[in-house]
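# Observations on the model geometry
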Amino acid sequence: MDIRQLRYFIAVAENLNFTEAAKQLFVAQSAVSQQIADLEKKIGVQLFIRNKRSVKLTNAGAVLLKEAISLVNKSVEAMEKTRQAELGIIGNLNLGFLGYTEKNFLPHLIRQFRRNYPKINLHLNQFNHGMLIESLNNDELDIGFTFAFSLDNIGGLEKNRIFTETLSIVMHCEHPLANKTSIHVGDLRDERFIALHRKESPQGFNQTLMICSNNGFAPNIVSEPKLLNTVLLLVDSGMGIAILPKSLKLHSSPSLRFIDIEGEKIEYELVVAWKKANENPSIPLFLKELEFVKSQYYKDFSTITS
């Protein structure tokens, strides 16, 4: 028994006429008769009572009709799902993010994508920078939102810029320098620094060291929390200062001050990254949706760090 025979059987059963069934199927009547005869021979029962004037379903034929319709519908559904999976319209997509500035656009992007591709299951998880890159390389993630630290030195990854992020000096509002509009990094040589743990964000940690080194001193790092929120809490508690993305101001305590770095504008890019060899067909659909959201909300993206 095959799907074609079931289709022929359904056409005859619904029309109770071999000629009409052949017209519906766009085949010769002899082909329909042959397929029905082969089907009856294959399953060993008579499906129709037929004579020169009429065609009727047998009891066995009535039972088969119900099952045949179900099987044909399931086969159509299976083929459609297979086509959708090939196109990426149905499937799974694993997304990773740092949990910083993505808050400004990612919720909208996810809502938009789910509206347009409701059959793609999205799985989102927050990572530190190092773990996110490792997960992309290990195929545990399909797409990651991260900073472009050293990504060009990592083989096999592709990236697209989302927006450029600006670094600021972060301190509590009661700090003696908190009322300044900008501060020269060299004036911070005697300050206590809070930095995200080296293992959690090696690139960010090293950047803090580099910024200070370029201004003639090594920072006095008194604490290395594993979570960014802890860094902000410690700075808010007056335990030290930090060098962090300016956009964090949107989600931080109102008692924190984000002050421009005087004399130089230190920037780096927030990017979307994926593994070039990853063949998940849903990836290009997501990237296309991201580009649409960027074009629709370009001003919001470009002014996040202003």
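Per an unreviewed UniProt entry, the chain goes by DNA-binding transcriptional regulator, LysR family and derives from Natronincola ferrireducens. Listed under Sequence similarities (unreviewed entry) in UniProt, the entry text for the chain is "Belongs to the LysR transcriptional regulatory family."

### Notes on the overall build of the chain
The number of helices and strands found in the chain is 10 helices and 12 strands. Along the first, second and third principal axes, the C-alpha atoms of the chain reach 105 × 30 × 30 Å. Charged side chains of the chain number 35 positive and 33 negative; the gap between the two group centres comes to 11 Å.

### Observations concerning the environment of Leu188
By the secondary structure assignment, Leu188 is in the loop between β7 (182–183) and β8 (192–194). Judged by relative accessible area, which is 0%, Leu188 ranks as buried. The contact partners of Leu188, leaving out residues within four places of it in the chain, are Ile169, Leu177, Ile183, Phe193, Phe217 and Ile241.

### With respect to the pairing of strand β11 (residues 256–261)
In terms of strand pairing, strand β6 (residues 157–172) meets β11 through four bridges, oriented antiparallel. In the strand pairing of β11, Met171 is matched with Arg257.

### Topic: unusual backbone geometry
Phi is positive for Leu16, close to 50°, though the residue is something other than glycine. With respect to the helices and strands, the residue Leu16 is situated in the loop between α1 (3–15) and α2 (18–25). For Phe26, which is not a glycine, the phi torsion comes out positive at approximately 60°. On the secondary structure map, Phe26 appears in the loop between α2 and α3 (29–43). Residue classification places Phe26 among the exposed positions, given a relative accessible area of 75%.

### Things to note about the layout of surface pockets
In this structure, the largest pocket occupies an estimated 340 Å³ of space. As for the largest pocket, its lining consists of 18 residues, and the residues nearest its centre are Leu98, Tyr100, Gln126, Leu228 and Asn229. In terms of residue count, helix α8 (residues 228–236) provides more of the lining of the largest pocket than any other element does, three residues in total. When grouped by side-chain class, the residues that make up the lining of the largest pocket number nine nonpolar, six polar and three charged. Residue assignment places the lining of the largest pocket across two domains, with domain 2 (91–163 + 268–305) and domain 3 (165–267) each supplying three or more.

### Comments concerning the nonpolar core
Membership of the largest hydrophobic core comes to 67 residues, with the highest contact counts inside it found for Leu93, Ile143, Phe145 and Phe286. Per-element accounting of this core gives the leading share, seven residues, to β6. Here Ile143 is in contact with Leu93, Asn94, Leu95, Gly96, Leu136, Val272, Ala273, Trp274, Ile283, Phe286 and Leu287, once residues within four sequence places are set aside. The next biggest cluster of nonpolar side chains, apart from the first, holds 20 residues, and it includes Tyr8, Ala13, Leu47 and Phe48.

About the criteria used
- Residues numbered from 1 in each chain as written.
- Predicted model: local features only at pLDDT ≥ 70, side-chain atom pairs only at ≥ 80, totals over all residues.
- Heavy atoms only, no water.
- UniProt positions renumbered as here; feature names shortened; annotations may be inferred.
- Helix = DSSP H or I, 4+ residues; strand = E, 2+ residues; numbered from the N terminus.
- Lys, Arg positive; Asp, Glu negative; His and termini not counted.
- Charge placed at Lys NZ, Arg CZ, Asp CG, Glu CD.
- Buried < 20%, exposed > 50% of the residue type's maximum accessible area, 1.4 Å probe, protein only.
- Contact = heavy atoms within 4.5 Å.
- Pairing = 2+ DSSP bridges.
- 1 Å grid on protein atoms, 1.4 Å probe; cavity = no way out; pocket = protein on both sides within 12 Å on 5 of 7 lines; lining within 4 Å.
- Points joined across faces, edges and corners; volume = space filled by probe spheres on them.
- Nonpolar A, V, L, I, M, F, W, Y, C, P; charged D, E, K, R; others polar.
- Domains from an automatic or database assignment.
- Core = buried A, V, L, I, M, F, W, Y, C linked by side-chain atoms within 4.5 Å.

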